[in-house]
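Spelled out from the first residue to the last, the chains are:
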Number of protein chains: 2
Amino acid sequence: MENTAENVRAQMRKGVLEYCILSILNKREAYASSIIEELKAVGMIVVEGTLYPLLIRQKNQGLLSYRWEESTQGPPRKYYVISDKGREQLAQMDDAWKELVETIDTLKRV
Amino acid sequence: MENTAENVRAQMRKGVLEYCILSILNKREAYASSIIEELKAVGMIVVEGTLYPLLIRQKNQGLLSYRWEESTQGPPRKYYVISDKGREQLAQMDDAWKELVETIDTLKRV
DNA sequence: TTTAATACCTTGTATCGCAAAGTACCAAAA
DNA sequence: TTTTGGTACTTTGCGATACAAGGTATTAAA
């Protein structure tokens, strides 16, 4: 049972990923590989085996829909689009996130 | 599969609990029930079935030690104390937490 | 037609938090 | 003395999440 710096980060990310996905899709449509790229760019490594099931879950919950689009460089891409319900969920998550940040801040101070 | 506001909060807390415990114990020694009280006070409900195994895990990792202390009102209490290794881990977690907060912030903006 | 790149998907595993139930100690009331 | 209620610690079974690893399919270039 190791506890590297990487493990610590992975641990902290738990449960926040869903929030990140909705946040990304709230800005623009995207397909899985591009989402992974964006997350990697901000230092949040996510692997395919994590992302695909997550997208399917959110789609099944009605938070997302998707459409196929041809690519000039490879197989067709599944572009995900956030739904009204997804935006409601995102608003809730924004609140929950703010609360969490404040909670940690309070805990450290008092 | 419901998605109430409470579920959203519970989701977000995942993985952050360990950080909270070390943060609390870095301020002062505490026993499980008092830790639950403190977390409840800042709006972070945690139940016994979650906290006790977590404390045992952290103790087994050498992040904490404990000592028994008599109570005037009930059975003896197991006071947990953070160790040097625990403080190192906490420092790593502080960094990881800051990074995560910045990451989310970046994701929302760009 | 083979190879490389891109993209999507599935399976098995470990871990985490929760719900629920159980054990034990102590003091005050019956 | 026995019972009751409060406090505290512990365990078991479950559902959900992320990861590792491997698989399938499409396209274009060699």
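Use the structure listed above.
Note that the structure is predicted; figures quoted are calculated from it, not measured.

Okay, the packing of helix H2 (residues 17-27) of chain A against helix H4 (residues 48-60) of chain A next. To characterise two packed helices, one gives the angle between the axes of the helices and the distance between these axes. All names here are of chain A. H4 packs onto H2 with a crossing angle of 70° between their chain directions and a minimal axis gap of 11 Å. For the element pair H2 / H4, the angle class is roughly perpendicular. For the pair H2 and H4, the contacting residues are Leu 17, Glu 18, Ile 21 and Leu 22 in the first and Thr 50, Leu 51, Leu 54, Leu 55 and Gln 58 in the second. Here the residues of the contact of H2 with H4 sort into 6 nonpolar, 2 polar and 1 charged.

Take helix H4 (residues 48-60) of chain B next. Residues and elements named next belong to chain B. Taking 1.5 Å of rise per residue, 13 residues should cover 18 Å, and H4 covers 18 Å from first to last C-alpha, within 8% of that figure. All of the buried residues in H4 are Leu 51, Leu 54, Leu 55 and Gln 58. Angularly, the buried residues of H4 cover 100° about the axis, an arc narrow enough to put them on a single face. Facing away from the buried side of H4 by more than 90 degrees, the exposed set consists of Gly 49 and Asn 60. Looking at the buried positions of H4, the neighbouring elements they touch are helix H2 (17-27), helix H3 (32-41), strand E1 (64-69) and strand E2 (77-82). Of the residues flanking the end of H4, it is Gly 62, one or two places downstream, whose phi is positive at about 80°.

Attention shifts here to the relation of the copies chain B and chain A. Taken as rigid bodies, chain B and chain A are interconverted by a rotation of 180° and an axial shift of 0.0 Å, the fit giving an RMSD of 0.1 Å. When the rotation and shift are considered jointly, the pair of chain copies conforms to a two-fold rotation axis. Taking C-alpha positions as reference, the residue of chain B nearest the rotation axis is B:Lys14, located at 2.8 Å.

Attention now goes to the sheet that holds strand E2 (residues 64-69) of chain A. Residues and elements named next belong to chain A. Taken together, the 3 strands give an open sheet; going across it, the order is E1-E3-E2, and neighbouring strands pair in antiparallel fashion. The open sheet has two free edges, formed respectively by strand E1 (30-31) and E2, since each of these has just one partner strand. Pairing of E2 with strand E3 (residues 77-82), which is carried by 6 bridges, proceeds in the antiparallel orientation. Residue Trp 68 lies in a different strand from E3, and its bridge partner there is Lys 78. Set on the sheet, H4 makes contact with E2 and E3; between it and E2 the angle comes to about 120°.

The next thing to look at is the environment of A:Ala91. Tracing the backbone through its elements, the reader meets A:Ala91 in helix H5 (residues 84-109). A C-alpha to C-alpha distance of 9.7 Å links A:Ala91 and A:Ser23, two positions 68 residues apart in sequence.

Below, the discussion takes up the protein's contact with DNA strand D. Taken together, 26 residues form the shell around DNA strand D, and within it A:Thr50, B:Tyr31, B:Tyr52, B:Arg77 and B:Lys78 come nearest. Sugar plus phosphate, as a fraction of atoms of DNA strand D within 4 Å of the protein: 68%. B:Glu48 is positioned with one of its side-chain polar atoms (N or O) 3.1 Å from a base nitrogen of DNA strand D. Taken together, the elements giving at least two residues each to the surface near DNA strand D come down to H4 of chain A together with H3, H4 and E2 of chain B. Each residue belonging to the surface near DNA strand D can be placed in one class, and the counts come to 11 nonpolar, 8 polar and 7 charged.

Turning our eyes to something else, we now look at the layout of surface pockets. Residue and element names in this part refer to chain B. Roughly 310 Å³ of internal volume is contained in the second largest pocket. If you trace the second largest pocket, you find 15 residues lining it, with Arg 13, Lys 14, Gly 15, Leu 17 and Thr 50 closest to the centre. Considering each element in turn, the lining of the second largest pocket owes the most residues, 3 residues, to H4. Across the lining of the second largest pocket, the residue classes break down as 7 nonpolar, 3 polar and 5 charged.

We now examine the interface of chain B and chain A. Taken together, the contact between chain B and chain A spans 40 residues of the former and 40 residues of the latter. Here chain B and chain A share an interface that buries about 3700 Å² over both sides, 65% of which is from carbon and sulfur atoms. At the surface where chain B touches chain A, the tally comes to 2 salt bridges. Put simply, B:Lys108 and A:Asp94 hold a salt bridge, and the shortest N to O gap is 2.7 Å. Scanning the region where chain B abuts chain A turns up 10 residue pairs in polar contact (both at pLDDT 80 or more). Broken down by secondary-structure element, the contributors of at least two residues to the side of chain B that touches chain A are helix H1 (5-13), H2, H3 and helix H5 (84-109) of chain B. With 15 residues, the single largest contributor to the side of chain B that touches chain A is H5(B). Within the side of chain B that touches chain A, the residues separate by chemical class into 20 nonpolar, 10 polar and 10 charged.

Parameters at a glance
Residues numbered from 1 in each chain as written. Chains lettered and ligands numbered in written order. Predicted model: local features only at pLDDT ≥ 70, side-chain atom pairs only at ≥ 80, totals over all residues. Heavy atoms only, no water. Axes fitted to C-alpha atoms, helices over the stretch in contact; angles between N-to-C directions. Helix = DSSP H or I, 4+ residues; strand = E, 2+ residues; numbered from the N terminus. Parallel < 35°, antiparallel > 145°, perpendicular 65-115°, else oblique. Contact = heavy atoms within 4.5 Å. Nonpolar A, V, L, I, M, F, W, Y, C, P; charged D, E, K, R; others polar. Expected span 1.5 Å × (residues − 1). Buried < 20%, exposed > 50% of the residue type's maximum accessible area, 1.4 Å probe, protein only. Arc of directions from axis to C-beta. Least-squares fit on C-alpha atoms with pLDDT ≥ 70 in both. Pairing = 2+ DSSP bridges. Near = heavy atom within 4 Å. Polar contact = N/O pair within 3.5 Å; in protein donor to acceptor, adjacent residues only side chain to side chain. 1 Å grid on protein atoms, 1.4 Å probe; cavity = no way out; pocket = protein on both sides within 12 Å on 5 of 7 lines; lining within 4 Å. Points joined across faces, edges and corners; volume = space filled by probe spheres on them. Buried area = accessible area lost by both parts, 1.4 Å probe. Salt bridge = Lys/Arg side-chain N within 4 Å of Asp/Glu carboxyl O.

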